[in-house]
Every structure is written in structure tokens, then in C-alpha cells.
Amino acid sequence: MTAQITMPDTMLKLTGIKQTFYQGEAELAVLRGIEMELVEGEIVALVGPSGSGKSTLLQIAGLLEKAEAGEIEIGGRHAGALSEEERTLVRRSDLGFVYQYHHLLPEFSALENVVMPQMINGLKRPEAEERGLELLRCLGLENRAGHRPARLSGGEQQRVAIARALCMKPKIMLFDEVTSSLAPEMVK
């Protein structure tokens, strides 16, 4: 009898990712052929000084920005050649992104910010609210669900952004300096 080893699925693969920014005559190559492969269940942290390209790499991996060169695979699908509409569908179904600056919609409550992506994706409001409230409860925000972002602290806004990213049960989560606004007890 031989034991079979099951290898985890590759969730995200970046091959030869390059990105250069130009300002007048100045050229700044921030990504120079990045190679990265993430498998299911893996947690990876990008560490580097400010301005080293971490956010740019996350924007490219999250299909929010196109790379100058290189290939992106998400769940085995080549994502670099997708149309904008197809990229949007992949972002909705497979990716959760928590931005460095929360990007909550100011005219909506914390709960509405979490419910909206679910409804856009076709979930009925009662189900979306139930899931949203559960996520906010898990993040210690059940009493703040009706508050608009301006009435929330930076850490509370960041936790709403985390709930919003988790609400669609994405296969891949991307966080851009997600702990910068959180109190130390929330980071544990």
C-alpha cells in the first residue's frame, strides 16, 4: 500500500511581474520580475520599506491595476488577458481586498457597507444583512452596525473593511497594511 500525498492547489501565481513609474524624465522600476506562488491555506506577508512596491504588487495581484509585464494566474486561470468585465467578476467571486485606507462609502452605515457587495453579487437583502451582522459581531462591532464611517474610529473602520472583504467568502484575501489602524488587542 502506498500513501498518496495531496498537494494544495495553487491559488495565486505571479510570474515575471514588472511595473515602472515615470515622472517626467525620471524612471522608477518598483517591481522587477516578481515571482510568487501562493497555495491554498498559505499565509504570506510582504515586508519592505515604504515606497518599495508592496501596495503596487497587491493592486496587481488583486486585478485592480495592470502590470507592465508578467503573468497572473488566479485559481489556475490566466487573469492578465481578461477583459475589464471578467476581471471585475473574478474580483467579486475570488478576491477579498482590504485597502490601506478603508474606502468605506461615507453615506452608508457599517452594516450597509458590508451588505452592499453581497447584494451586488445577487444575495437577497435579509441574507446579506444576516451575514453582515454576523461578521460585524465577530469583529466586535455589533453595537456600531448602524453608524456611518465618520462616527467610527480608524480601527473600527478597518474592521468594517475586513468584514466587507470577508462577506463574499473569497478564495484569496489581500491585505494592504491592514493592522495599521487596529488596536494591539485586535491584531492577536
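Numbers given to residues run from 1 along each chain, matching the order in which its sequence is written. For this predicted model, a pLDDT threshold of at least 70 governs which residues receive local features, and a threshold of 80 or more governs which side-chain atom pairs are given and counted, while totals over whole chains, interfaces and linings are taken from all residues. Note that the side-chain values use all heavy atoms of the structure and ignore hydrogens as well as water.

So, the environment of L136
Strands here mean DSSP runs of E at least two residues long; helices mean DSSP runs of H or I at least four residues long; both are numbered from the N terminus. Tracing the backbone shows L136 in helix α4 (residues 125-138). L136 sits 26 residues away from I162 along the chain, and the two C-alpha atoms are 9.2 Å apart. When neighbours within four sequence positions are excluded, L136 is seen to be in contact with A110, L111, V114, L141, E142, A145, V160 and A163. In what follows, a contact means two residues having at least one pair of non-hydrogen atoms within 4.5 Å.

Considerations on unusual backbone geometry
The backbone phi angle of L63 is positive, close to 60 degrees, even though this residue is not glycine. Here L63 is to be found in the loop between α1 (54-61) and β3 (69-74).

Considerations on the sheet that holds strand β4 (residues 77-78)
As summarised here, the arrangement of the 4 strands in space is β2-β1-β3-β4, forming an open sheet in which the pairing is antiparallel. Looking at the sheet topology across the chains shown, the edges are occupied by β2 (26-39) and β4. Strands qualify as paired when DSSP identifies two bridges or more between them. Strand direction decides the pairing type here: strand β1 (residues 10-23) and β2, joined by 11 bridges, are antiparallel. Opposite Y22, over in β2, you have E27 as the bridge partner. Angles here are taken between N-to-C directions and fall from 0 to 180 degrees, while the axes themselves are lines fitted to C-alpha atoms, restricted in helices to the stretch in contact. Its contacts with the sheet place α1 against β1, β2 and β3, and it is angled at close to 125 degrees to β1.

Brief notes about the pairing of β1
In this antiparallel pair of consecutive strands, β1 and β2, the connection spans 2 residues, and G24 shows a positive phi of 65 degrees. In terms of strand pairing, β1 meets β3 through 5 bridges, oriented antiparallel. Residue pairing for β3: L14 is matched across the bridge by I72.

Quick word on the nonpolar core
Grouping buried Ala, Val, Leu, Ile, Met, Phe, Trp, Tyr and Cys residues that are joined through side-chain atoms within 4.5 Å yields what is termed a nonpolar core. Partly exposed describes any residue whose relative accessible area lies between the buried limit of under 20% and the exposed limit of over 50%, with all areas from a 1.4 Å probe on protein chains only and scaled to the type maximum. Counting 22 residues, the largest nonpolar core has L12, L14, I17, L63, I72, I74 and I172 as the members making the most contacts within it. Apart from residues no more than four positions distant in its own chain, I17 is found in contact with L31, R32, G33, I34, L57, I60, A67, A69, G70, E71 and I72. Counting residues in each nonpolar core, the second largest holds 19 residues, with V98, L139, V160 and C167 among its members.

Looking at the layout of surface pockets
Of the two site types, the cavity is a set of points on a 1 Å grid over the protein atoms alone where a 1.4 Å probe fits but cannot get out, and the pocket is an open set with protein on both sides within 12 Å along at least five of seven lines, each lined by residues with an atom within 4 Å of a point. Grid points are joined across faces, edges and corners, and a volume is the space filled by probe spheres set on the points. Within this model, the largest pocket holds a volume of roughly 770 Å³. I43, V44, M173, L174 and F175 are the residues nearest the centre of the largest pocket, which is lined by 24 residues in total. Sorting the residues of the lining of the largest pocket by element identifies β1, β2, α1 and β6 (172-175) as the ones contributing at least two each. Here the element with the most residues in the lining of the largest pocket is β6; it accounts for 4 residues. Gly is placed with the polar residues, together with every amino acid not listed as nonpolar (Ala, Val, Leu, Ile, Met, Phe, Trp, Tyr, Cys and Pro) or charged (Asp, Glu, Lys and Arg). Split into classes, the residues belonging to the lining of the largest pocket amount to 16 nonpolar, 2 polar and 6 charged. Around the second largest pocket sit 21 residues that line it, and R91, L95, Y99, P117 and R164 are the ones nearest its centre. Within the residue set of the lining of the second largest pocket, elements represented by two or more residues are α2 (84-94), β5 (95-98), α3 (110-120) and α5 (154-166). In terms of residue count, the dominant contributor to the lining of the second largest pocket is α3 (4 residues). Residue composition of the lining of the second largest pocket, by class: 12 nonpolar, 6 polar and 3 charged.

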